[in-house]
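Observations on chain architecture
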Amino acid sequence: MGKRGDRFYIEVSERGRVVDVRATGEVDIATVGALRSVLWAAPADSVLRLDLTGVRVLSTAGVRALVAAHLRLRAGGGELVLVRPGPTVARVLRATGLHRVVRVVTDTPDPIADRALIAA
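Residues numbered from 1 in each chain as written. Predicted model: local features only at pLDDT ≥ 70, side-chain atom pairs only at ≥ 80, totals over all residues. Heavy atoms only, no water.

Mapped onto the elements, V63 comes out in helix α2 (residues 60-75). When its relative accessible area of 11% is taken as the criterion, V63 is described as buried. Note: C-alpha distance between V63 and L93 (30 residues apart in sequence) is 8.0 Å. The residues contacting V63, other than those within four sequence positions of it, are L58, V92, T96 and L98. (Helix = DSSP H or I, 4+ residues; strand = E, 2+ residues; numbered from the N terminus. Buried < 20%, exposed > 50% of the residue type's maximum accessible area, 1.4 Å probe, protein only. Contact = heavy atoms within 4.5 Å.)

It is worth spelling out the pattern of salt bridges at this point. Tallied over the entire structure, the rule returns eight salt bridges. In this structure, R15 engages D20 in a salt bridge whose closest nitrogen and oxygen atoms are separated by 3.0 Å. The partly exposed category is assigned to R15, whose relative accessible area is 45%. Since its relative accessible area comes to 18%, D20 is described here as buried. Note that R84 is salt-bridged to D51, the shortest N-O span being 2.7 Å. Residue R84 is found in the loop between β5 (79-83) and α3 (87-96), and its partner D51 is found in strand β4 (residues 47-58); the two are separated by 33 residues along the sequence. Grouping residues by exposure puts R84 and D51 together as buried. It is possible to trace a salt-bridge network through shared partners that takes in R7, E26, D28 and R56. (Salt bridge = Lys/Arg side-chain N within 4 Å of Asp/Glu carboxyl O.)

Next up on the list: the pairing of β4. Across nine bridges, the pairing between strand β3 (residues 18-27) and β4 is parallel. By the bridge assignment for β4, D20 is matched with R49. Regarding topology, helix α1 (residues 32-41) serves as the crossover connection from β3 to the parallel β4, and that connection is right-handed. Examined bridge by bridge, β4 and β5 share five bridges and lie parallel to one another. Residue pairing for β5: V47 is matched across the bridge by E79. At this point the chain moves from β4, through α2, to the parallel β5, and the crossover so formed is right-handed. (Pairing = 2+ DSSP bridges. Right-handed = clockwise from strand over helix to strand, strands pointing away.)

Now the structure itself:
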């Protein structure tokens with residue numbers, strides 16, 4: 001499943017209670033609605049792994065969407081995990097303090113590490 005826009009693209013795959021989302025492009029006021037709809041479509045008890053490798057811009061609207069998704073998932077027994085943010089996005093996560101609230105995974109997981117990430 002995927003959603004494509006001019007400046008933003010999202011791919012989603014689900015395996016059991018794990019939802020993998022790969023975002024590419026710019027997350028700003030014009031594109032945050034697409035990201036928000038994917039984040040809120042995930043079951044509240046899932047582990048939602050958001051791969052930010054391809055995200056070039058993360059605006060305050062994007063940060064708010066991540067915070068809201070984190071709170072919803074945590075309340076439902078799930079978890080939001082941010083995977084491989086680039087330097088620009090990592091700087092936004094540090095500046096907002098979001099890296100202290102939401103788990104950020106910076107290395108490239110392999111299939112065995114994926115299982116460990118799910119179990120953690």
